[in-house]
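For reference, the chains in residue letters:
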Amino acid sequence: MPTTNNKVEFLVKPGGCLSGRIRVPGDKSISHRSVMLGSLAEGITEVSGFLEGEDNLATLDAFRQMGVHIEGPEKGRLRIEGVGLHGLKPPGKPLYLGNSGTSMRLLTGLLAGQSFDVEMGGDVSLSKRPMRRVTDPLKTMGAQLETAPGGTPPIRIRGGAALKAIHYDLPVASAQVKSCLLLAGLYADGRTCITEPAPTRDHTERMLAGFGYPVGRTGSTVCVEGGGHLTASSIEVPADISSATFFMVGAAIAEGSDVLLEHVGINPTRIGVINILRLMGAELELGNEREVGGEPVADIRVRGSRLKGICIPEEQVPLAIDEFPALFVAAACAEGETRLTGARELRVKESDRIQVMADGLNILGIDACPTEDGMVIQGGTLGGGMVESHGDHRIAMAFAMAALRANDNIRILDCANVNTSFPGFVGLAAEAGLSVTEG
Ligand SMILES: O=C(O)C1=C[C@@H](OP(=O)(O)O)[C@@H](O)[C@H](O)C1
Ligand SMILES: C=C(OP(=O)(O)O)C(=O)O
């Protein structure tokens, strides 16, 4: 089992601005799904732009352990020899999914329909994350599985269960739960439908359709009929808007910045960060909009501007769910108060992103007050200091960008997990103008 190196720290010197053309790595959500659906398809799936981050490599490894032959990744390219929906083999040992909630929740749905037993575990962070949100509805479908007593990993799945379709009203807006149930639905008898309380990322639906699997959508309800098959396809993964976010926020808060983020996925279910930054007064333009492999992409230009505090509209929350650590930094640099509500889910990510961000901002001298489901932040002057990322990749990268507006060094602890979603972050950020070193 890999061990994390919690000794990796970032030291970021204050000031400067960001400039240049930047291509951030591939989308994490789409990369996971490319391996999952490519493995279950009939034929060869070629993937380009695959994110070679630790989370995606955990998914890749899991499928290799279940007998799928996958070549790569080689410069973001994969060649997956799909085994069909019923061609996976029992893995010889428990699947280790590292830090990746997406891998565990989507795989739970997919594996609930297999004929073999399997166990899945993860690192310290993943081992604390709630899994009943997927195991409860899967049990209603007839799946046989169990978690640790608190509803946390490890998850053990007994193979050979006959799944039956259900109609499930999601109690929380979660693309992971929706996707889990859609994947289980491929193996169920009948039509599985999921109703969302608010739109969440729809990459699973888009990719299923791209693999020739019919997906129905009526309003907020999405359905699949079990018993079909997936036909291999080629997938070009766009740059990850969640990774681009750090540069968008960095450029927006630092006077004199001008960056062009290339080929970024702008799926309407992911663009909350663009909407929120624009409401805060950021100068942000989309150009060269086009569609690549069923996903819209664009180049995003961001220039330094004076941001103002806002009340973040709640409907934007699921569309920007991973972007709040960076958006809290934008709020700290804005004039006036920013208020976030309706974002309780942030408390159950890789860390409690409400508490951990509030603690770090407080250390840097910002008045940030956590609430049960959000935060109230008064824009102010950022000082320097030592902040804890609690092993959360997005917290580490958000505080790195905060240094652009700080008046002293920021030292960020426990940054190794940046490699889960954004390998090469330090090099790319330094090239763009951030004074960051890793030690
Ligand atoms: O489906 C996905 O790929 C993801 C969905 C989101 O999680 P939730 O579904 O728990 O909101 C997000 O936070 C995660 O980074 C990726
Ligand atoms: C929440 C995240 O990922 P996951 O749930 O896959 O661990 C994230 O990348 O911010």
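Residues numbered from 1 in each chain as written. Chains lettered and ligands numbered in written order. Predicted model: local features only at pLDDT ≥ 70, side-chain atom pairs only at ≥ 80, totals over all residues.

Asker: Just checking my understanding: could you explain the domain arrangement of the chain for this structure?
Answerer: Interfaces are often sized by the amount of accessible area the parts lose when they come together. Splitting the chain by domain gives domain 1 (10–26 + 238–438) and domain 2 (28–236). Averaged C-alpha coordinates put domain 1 and domain 2 at centres separated by 28 Å. Of the residues lining the interface, 25 residues belong to domain 1; the matching set on domain 2 comes to 28 residues. In terms of residue count, the dominant contributor to the side of domain 1 that touches domain 2 is helix 12 (residues 418–421) (three residues). (Domains from an automatic or database assignment. Contact = placed C-beta atoms within 7 Å. Helix = DSSP H or I, 4+ residues; strand = E, 2+ residues; numbered from the N terminus.)

Asker: Would you take a moment to explain the site of ligand 1 for this structure?
Answerer: In the region of ligand 1, the neighbouring residues are Ser29, Thr102, Ser174, Ala175, Gln176, Ser179, Arg201, Ile321, Asp322 and Glu345. Residue contributions to the shell around ligand 1 peak at three residues, all from helix 5 (residues 175–185). The residue inventory of the shell around ligand 1, partitioned by class, reads two nonpolar, five polar and three charged. When residues of the shell around ligand 1 are sorted by domain, at least three fall in each of domain 1 (10–26 + 238–438) and domain 2 (28–236). (Near = placed C-beta within 6 Å. Nonpolar A, V, L, I, M, F, W, Y, C, P; charged D, E, K, R; others polar.)

Asker: Could you clarify how one ought to interpret helix 11 (residues 393–402) in this entry?
Answerer: Helical periodicity: at 3.6 residues per turn, an α-helix aligns residues three or four positions apart in one direction. The element helix 11 is extensively covered by neighbouring structure, given that 10 of its 10 residues are classed as buried. Those residues of helix 11 not exposed but buried are His393, Arg394, Ile395, Ala396, Met397, Ala398, Phe399, Ala400, Met401 and Ala402. (Buried ≥ 20, exposed ≤ 12 C-beta atoms within 10 Å, placed from the backbone.)

Asker: Sorry, what's going on with the pairing of strand 20 (residues 374–378) here?
Answerer: On a regular strand, one side chain projects to one face of the sheet and the next to the other, so that they alternate. In the sheet, strand 18 (residues 337–340) pairs with strand 20 via four bridges, with the strands oriented antiparallel. Note that in strand 20 the partner of Thr338 across the bridge is Ile377. In this structure, strand 19 (residues 367–371) lies alongside strand 20, joined through five bridges in antiparallel fashion. For Ala368, the partnering residue across the bridge sits in strand 20 and is Ile377. The hairpin turn running from strand 19 into strand 20, its antiparallel successor, is two residues long. (Pairing = 2+ DSSP bridges.)

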